[in-house]
Amino acid sequence: MTSISREWLVRKTLMVTAMVVVVGLALVVFFMVKESLPAFRKAGPANLFSATWNPREGRYGMLVFLVGTLTTTAGGLLLGTPLALSLALFLTQVAPRRSRGLFSRAVEVLAGVPSIVLGWLGFTMLVPWIRSVTGSSGSGILAASIILAVMVVPTITAISRDALEAVPSSYAQASLALGATRWQTIFRVILPAARHGILAAVILGMGRAVGETMAVAMVIGPASVFPTSLTSPTHTLTTKILMEMGESTGVQRSSLFAMGLVLLFLAMALVVLVRRVSKARRYEGWVE
Amino acid sequence: MATREKVGVSTEVRPKLREETPSPKERGKRRSGQFLADRAATVVIWAFALLALALVALVLGVILWNGLSTALTPSFVFGKPQAMREGGGIWPMVVSSFYLAALTLLLVIPLGVGAAIYMSEFAGEGRVARLVRFGADSLSAVPSVVFGIFGMVVFVIYLGLGYSLLAGALTLTLLNLPTVMRSAEEAVKSVPKSYREAALAMGCTRWETVKKVVLPVAMPGITTGAILSAGRIVGESAAVIYTVGLFVRKVPWSPFQPAAPMAANIWHMYTEGALVPDWFRVASGEAAFLLIVVLVLNLLARLAASVVRRKTGYRT
């Protein structure tokens, strides 16, 4: 009897620990909504999603920052995805066995570099370099995109590598046996077979880029206007929250939480998308 | 044939039937074209891979080149920070970083391992399991700055903890829980089924099986995951800035005191640097020291698994 009730107790305790993630997520969503309500009530959605940020005159538009987030993310993916994908192909198809360890170790090291350290690197090296080449201020979308590309490479490489490794080797063997070259095999057989996994990898990389704060904050601006070029200062949602949360009150503070809420929705949408993609992948029939 | 249709790629692979066979000369041309394309692709893939390697070397090289000599000076690492004078150290920040990591691990490991055991040993595929899976996936996608302002509202203000190590540890617990949980779950799942069956056949209950068989065998994997998350905690700044603090003069001793982990302090040097004359030297040294700490932790994570494995004597 005692052993049965202890089993029950243990089971319930473990369930409680598992439910912490669910409760935590609910709390995060709840408090983001609660704290941003004043902004929606007093300023209104039309004001919040306008393009002018000027708290002194009661303008709390976040459009500039939303555009900043989307453009830097797109830039980071545009630069990072080809690199990551080639790296994943290299690690799974091309690399000689001996150098494989070195390259995959290097990717792991890059994944471990703290974002503030990458930001510091961007601030001390990348921004001055862009400044000297283009003659502009140096910080902006271009610098942020390059830093984000470095940040998404480990994520995209690791996940698309898994996807490429999951393609049964009989596919490649069949293709090679038919006389296809290695590139034909990669391009016509392996990449199409792994496409859902690669898509999931890119979406997860996108999530990382959307949420990145410190590294972008050190190379993006600061300015609360639309950028006029790739090298003029602006802001993203995350960097705006970071910069202003400390010294804002009232509706301004609440509108920063509204930006947090938008970020939260973006992140959740990407999660739903990844789950869709991996479900499609499971139905493809050969994974597991 | 049915399985072939399922594959979904076979249609693209199937060679097109030609109406007339090309002449041998034509065939040779095509073939050499394909070989050229193959060569070119190989060269491009190699070039990109080498570029990535160079990028990693550049990142490590520049950070260490700028800061290593500072970071290896004892008076810098163990010295007191200065506000208006040059020559300040970072000892309180070093302590803060490790204190915060220890406190967070103390909270996140029991929760993460418990959740992992529940998910792999008890939950099955029911509604609870699906809910937890969704919660973990979503939580791991939430940007760290959102965790930061959440922690500020809930732990710093509502719970009245103020800027403190504890408020930061609670925030980082939530941030790291999904990853700790995932790595622990992988470790637990890698324990062969036959081990569990043997224990159950000997009359062990489910919990006894977990405690005496599954956990010891999974311990190397769990240790690796824990040390890796320590590296992530030490490097985290966006979630820490509004929960723990940016700058302290004295070494924090209580979890209820404000502190300044290195990662947050670099941000402080970047924004308020004018207060410290040699802020650039301090931030560079701190960045290099932080990078070394994280790299050492990642190395340790790899070593720890084999040490623990040798100690427990289990093999998986």
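Parameters at a glance
- Residues numbered from 1 in each chain as written.
- Chains lettered and ligands numbered in written order.
- Predicted model: local features only at pLDDT ≥ 70, side-chain atom pairs only at ≥ 80, totals over all residues.
- Heavy atoms only, no water.
- Helix = DSSP H or I, 4+ residues; strand = E, 2+ residues; numbered from the N terminus.
- Buried < 20%, exposed > 50% of the residue type's maximum accessible area, 1.4 Å probe, protein only.
- Contact = heavy atoms within 4.5 Å.
- Areas by Shrake-Rupley, 256 points an atom, 1.4 Å probe, with all protein chains shown as cover.
- Lys, Arg positive; Asp, Glu negative; His and termini not counted.
- Charge placed at Lys NZ, Arg CZ, Asp CG, Glu CD.
- Rg over C-alpha atoms; globule rule 2.2 N^0.38 Å.
- Phe/Tyr/Trp six-rings, centres within 6.5 Å; stacked < 30°, edge-to-face > 60°.
- Expected span 1.5 Å × (residues − 1).
- Bend = angle between axes of the 7 residues up to and from the residue.
- Buried area = accessible area lost by both parts, 1.4 Å probe.
- Salt bridge = Lys/Arg side-chain N within 4 Å of Asp/Glu carboxyl O.
- Nonpolar A, V, L, I, M, F, W, Y, C, P; charged D, E, K, R; others polar.
- Core = buried A, V, L, I, M, F, W, Y, C linked by side-chain atoms within 4.5 Å.
- Polar contact = N/O pair within 3.5 Å; in protein donor to acceptor, adjacent residues only side chain to side chain.
- Axes fitted to C-alpha atoms, helices over the stretch in contact; angles between N-to-C directions.
- Parallel < 35°, antiparallel > 145°, perpendicular 65-115°, else oblique.
- Left-handed = near helix turned anticlockwise from the far one by under 90°.

**Q** Hey, could you run me through the overall build of chain A in this one?
**A** Each helix and strand counted, chain A has 12 helices and two strands in total. When the helices and strands of chain A are listed from N to C terminus, the series reads α-α-β-β-α-α-α-α-α-α-α-α-α-α. Across its three principal axes, chain A shows a C-alpha extent of roughly 75 × 70 × 30 Å. Taking all 288 residues of chain A together, the buried fraction comes to 56%. Looking at chain A alone, contacts between residues at least 24 apart form 72% of all its contacts between residues at least 6 apart. When the accessible area of chain A is evaluated, it comes to approximately 12400 Å², of which 65% is carbon and sulfur surface. One way to put it: in chain A the 25 positive side-chain charges average out to a point 4 Å from where the 11 negative ones average out.

**Q** Please explain the overall build of chain B as it appears in this structure.
**A** Within chain B one finds 12 helices and zero strands. Secondary structure of chain B in N-to-C order comes out as α-α-α-α-α-α-α-α-α-α-α-α. For 316 residues, the compact-globule estimate of 2.2 N^0.38 gives 20 Å, and the C-alpha radius of gyration of chain B, at 27 Å, exceeds that figure by more than 25%. Taking the principal axes of its C-alpha atoms as reference, chain B extends roughly 85 × 60 × 40 Å. Residue burial in chain B is summarised as follows: out of 316 residues, 50% are buried. Contacts in chain B between residues at least 24 apart in sequence constitute 73% of all its contacts with a sequence separation of at least 6. Approximately 15600 Å² of chain B is accessible, and the part contributed by carbon and sulfur atoms is 65%. Each charge class in chain B can be summarised by its mean position, and for the 32 positive and 18 negative side chains these summaries are 6 Å apart.

**Q** Hey, could you run me through the packing of aromatic side chains in this one?
**A** Remark: the centre distance and the inter-plane angle together describe each pair of aromatic rings, the angle taken between the planes. If you walk through the whole model with that rule in mind, you get 17 aromatic pairs over all chains. Where Phe-31 of chain A meets Tyr-158 of chain B, the ring centres are 5.6 Å apart and the plane angle is 55°; that geometry is what we call tilted. Of this pair, Phe-31 of chain A sits in helix α1 (residues 2-43) while Tyr-158 of chain B sits in helix α7 (residues 144-158), on two different chains. Accessibility expressed as a relative area gives 11% for Phe-31 of chain A, which makes it buried.

**Q** Could you clarify how one ought to interpret helix α10 (residues 206-235) of chain B in this entry?
**A** In an α-helix, one turn spans 3.6 residues, which is why side chains three or four residues apart end up on the same side. Residue and element names in this part refer to chain B. The end-to-end C-alpha distance of α10, which contains 30 residues, comes to just 38 Å, noticeably less than the 44 Å that a straight helix rising 1.5 Å per residue would cover. Within α10, the axis deviates most sharply at Met-219, by approximately 55°, and proline Pro-220 lies no more than four positions further along. Among the 30 residues of α10, 21 are classified as buried, and the element is accordingly described as predominantly covered.

**Q** What is the right way to look at the interface of chain B and chain A in this model?
**A** Reports often express the size of an interface as the amount of accessible area lost when the parts come together. Every contact between the two is made by 86 residues of chain B and, on the other side, 80 residues of chain A. Interface area, chain B with chain A, both sides summed: about 7600 Å², of which 79% is carbon and sulfur. Three residues stand out in chain B for area buried against chain A, namely Ile-45, Trp-267 and Tyr-270 of chain B, and they jointly supply 8% of the buried area on that side. Taken together, the links from chain B to chain A amount to two salt bridges. Between Arg-302 of chain B and Glu-108 of chain A there is a salt bridge; the shortest N-O distance is 2.8 Å. The element that contributes the greatest number of residues to the side of chain B that touches chain A is helix α3 (residues 24-71) of chain B, accounting for 23 residues. Per-class residue counts for the side of chain B that touches chain A are 64 nonpolar, 12 polar and 10 charged.

**Q** Even after reading the chapter, I still don't get the nonpolar core, so can you show me in this structure?
**A** Inside soluble globular proteins, nonpolar side chains tend to come together where they are buried. Within the largest apolar cluster, 181 residues are counted, with the highest numbers of intra-cluster contacts made by Met-32 and Ile-116 of chain A together with Trp-267 of chain B. Apart from the residues within four sequence positions on either side, Met-32 of chain A is in contact with Phe-257, Gly-260, Leu-261 and Leu-264 of chain A together with Val-146, Ile-149 and Phe-150 of chain B. Of all hydrophobic cores here, the second largest spans five residues; its members include Ala-200, Ile-203, Val-274 and Val-277 of chain A.

**Q** What am I meant to see in the pattern of salt bridges here?
**A** Side-chain pairs of opposite charge can arise whenever the charged atoms involved come near each other. All names here are of chain A. Counted by the stated rule, this structure contains 10 salt bridges over all chains. Lys-240 serves as the salt-bridge partner of Glu-244, at 2.7 Å between the closest nitrogen and oxygen. Of this pair, Glu-244 and Lys-240 both sit in helix α11 (residues 237-244), four residues apart, roughly one helical turn. In the salt-bridge network here, residues are joined through shared partners; they are Lys-34, Glu-35 and Arg-253.

**Q** Explain the side chain of Glu-7 of chain A here, please?
**A** Structurally, Glu-7 of chain A is set in helix α1. Buried charge Glu-7 of chain A goes without a salt bridge, the closest partner of opposite sign being Arg-206 of chain B at 6.4 Å. Polar contacts involving the side chain of Glu-7 of chain A include one to the side chain of Thr-205 of chain B, which spans 2.7 Å. Looking at Glu-7 of chain A, its side chain comes within polar contact range of the main-chain nitrogen of Trp-207 of chain B, at 3.1 Å. With sequence-adjacent residues up to four places away left out, Glu-7 of chain A is seen in contact with Thr-205, Arg-206, Trp-207 and Glu-208 of chain B.

**Q** Help me understand the environment of Val-296 of chain B, please; the structure alone is not making it clear to me.
**A** Residue and element names in this part refer to chain B. Within the element layout of this structure, Val-296 appears in helix α12 (residues 279-312). Taking the relative accessible area as the measure of exposure, Val-296 reaches 43% and is therefore partly exposed. Sequence spacing of Val-296 and Gly-231 is 65 residues, and the spatial spacing of their C-alpha atoms is 8.8 Å.

**Q** Where do I start with the packing of helix α6 (residues 141-166) of chain A against helix α9 (residues 195-211) of chain A in this structure?
**A** Residue and element names in this part refer to chain A. Relative orientation of the contacting elements α6 and α9 amounts to 155°, with a least axis distance of 8 Å. If you check the angle between α6 and α9, you find them roughly antiparallel. The handedness of the crossing between α6 and α9 comes out as right-handed. Between α6 and α9, the residues in contact are Leu-148, Met-151, Val-152, Thr-155, Ile-156, Ile-159, Ser-160, Ala-163 and Leu-164 and Gly-197, Ile-198, Ala-201, Val-202, Leu-204, Gly-205, Arg-208 and Ala-209, respectively.

**Q** How should I be thinking about α6 of chain A in this particular structure?
**A** Under the 1.5 Å per step criterion, the end-to-end length of α6 of chain A is 36 Å for 26 residues, consistent within 8% with the ideal 38 Å. Along α6 of chain A, the sharpest kink reaches roughly 35°, centred on Val-152 of chain A and followed within four residues by the proline Pro-154 of chain A.

**Q** Mind showing me how you'd approach the environment of Ser-237 of chain B here?
**A** Examined against the element boundaries, Ser-237 of chain B turns out to sit in the loop between α10 and α11 (262-271). As for Ser-237 of chain B and Ala-218 of chain B, which are separated by 19 residues in sequence, their C-alpha atoms are 31 Å apart. With residues up to four places along the chain from it excluded, the contact list for Ser-237 of chain B reads Ile-116 and Met-214 of chain A together with Ala-263 and Ala-264 of chain B.

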